[in-house]
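Fold and geometry: a report
Now for the letters of each chain:
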Amino acid sequence: MNIIIVNGPNLNLLGEREPKIYGSESLSEINLWIENHEACTNLNLEFFQSNSEGSIIDFIHSKRKDVDYLIINPGALTHYSYALRDAIISTQFKAIEVHLSDIHDRENFRKISVIKSVCLAQFYGEGKHGYITAIKHILEQE
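Okay, so let's go over this structure. (Residues numbered from 1 in each chain as written. Predicted model: local features only at pLDDT ≥ 70, side-chain atom pairs only at ≥ 80, totals over all residues. Heavy atoms only, no water.)

Comments concerning the packing of aromatic side chains
Each pair of aromatic rings is reported with the distance of its centres and the angle of its planes. Tallied over the full model, the rule gives 1 aromatic pair. Centre to centre, the rings of phenylalanine 48 and phenylalanine 59 are 4.2 Å apart; their planes meet at 5°, and the pair counts as stacked. One end of the pair, phenylalanine 48, is in strand S2 (residues 44–49); the other, phenylalanine 59, is in helix H3 (residues 53–62), with 11 residues separating them in the sequence. When the ring centre of tryptophan 33 is taken as origin, the NZ or CZ atom of lysine 128, which lies over that ring, is 4.3 Å away. (Phe/Tyr/Trp six-rings, centres within 6.5 Å; stacked < 30°, edge-to-face > 60°. Helix = DSSP H or I, 4+ residues; strand = E, 2+ residues; numbered from the N terminus. Lys NZ or Arg CZ within 6 Å of the ring centre and 35° of its normal.)

What about H3?
Ile56, Ile57, Phe59 and Ile60 are the residues of H3 that are buried. End-on, the buried residues of H3 take up no more than an arc of 160°, which puts them together on one face. Against strand S1 (2–7), S2, strand S3 (69–73) and helix H4 (82–91) lie the buried residues of H3. (Buried < 20%, exposed > 50% of the residue type's maximum accessible area, 1.4 Å probe, protein only. Arc of directions from axis to C-beta. Contact = heavy atoms within 4.5 Å.)

Some words on the layout of surface pockets
Empty space left among the atoms is revealed by rolling a probe the size of a water molecule over them. The space that makes up the largest pocket amounts to roughly 170 Å³. Taken together, 15 residues line the largest pocket, and the ones lying closest to its centre are Arg17, Tyr22, Gly75, Ala76 and Arg110. Of the residues that constitute the lining of the largest pocket, the class distribution is 6 nonpolar, 6 polar and 3 charged. (1 Å grid on protein atoms, 1.4 Å probe; cavity = no way out; pocket = protein on both sides within 12 Å on 5 of 7 lines; lining within 4 Å. Points joined across faces, edges and corners; volume = space filled by probe spheres on them. Nonpolar A, V, L, I, M, F, W, Y, C, P; charged D, E, K, R; others polar.)

Points about the sheet that holds S1
In spatial order, the strands read S2-S1-S3-S4-S5; together these 5 strands make up an open sheet with parallel pairing. On the outer flanks of this sheet lie S2 and strand S5 (121–124), each paired with one strand and no other. Put simply, the sheet's adjacent strands are angled 20° from each other on average, direction ignored. Pairing of S1 with S3, which is carried by 5 bridges, proceeds in the parallel orientation. Within S3, the position partnered with asparagine 7 by the bridge is asparagine 73. (Pairing = 2+ DSSP bridges. Axes fitted to C-alpha atoms, helices over the stretch in contact; angles between N-to-C directions.)

Considering the state of the cysteines
Each disulfide consists of one covalent bond between the sulfur atoms belonging to two cysteines. In total, this model carries 0 disulfides according to the counting rule given. Lacking any disulfide linkage, cysteine 40 is separated from the closest cysteine sulfur, that of cysteine 119, by 18 Å. What makes cysteine 40 buried here is its relative accessible area of 4%. (Disulfide = S-S within 2.5 Å.)

If you want it as C-alpha cells, here you go:
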C-alpha cells in the first residue's frame, strides 16, 4: 500500500517552534519514527513538507495515480485553503487530516477546517501518534 504523508507550512520548524504545543522532536525525527513504527510494516510511505500551498498541491497532483491514501497535516492551510480542498477532491484521494495539537482547544480560527469534509477522518491532539492513528484507521478500511 502506498501512502503519502504531507505536512504544510511551518511544520519544518518542529522541535524549535512552540515546543510546549508541538513538542521537541523535529519533523525528520517524527518521520523516521513513523517509518520505523510496527504499524507501518509493509507500507510504502513517502513524506513531503512545504511552506508553499502551490508546491503542496503540485505534489498531491503528481501522486494521483501512484498512491492509495493521503495523510495530511495542512497546518494553517487547514483553515482557508479551498485550493487544497479542491486538490484532494480532484485527485479523488482517500485522505485523512492530522493535527499534532488539539485544534479545538486553541484559538477559534483553528477550530475551522475547510478540508475536513473531503477527508475520511480527522485526528488531532495526539502529537506524532496522530499519524499512527491515521495509518491504523487506513488499515482498518482495507
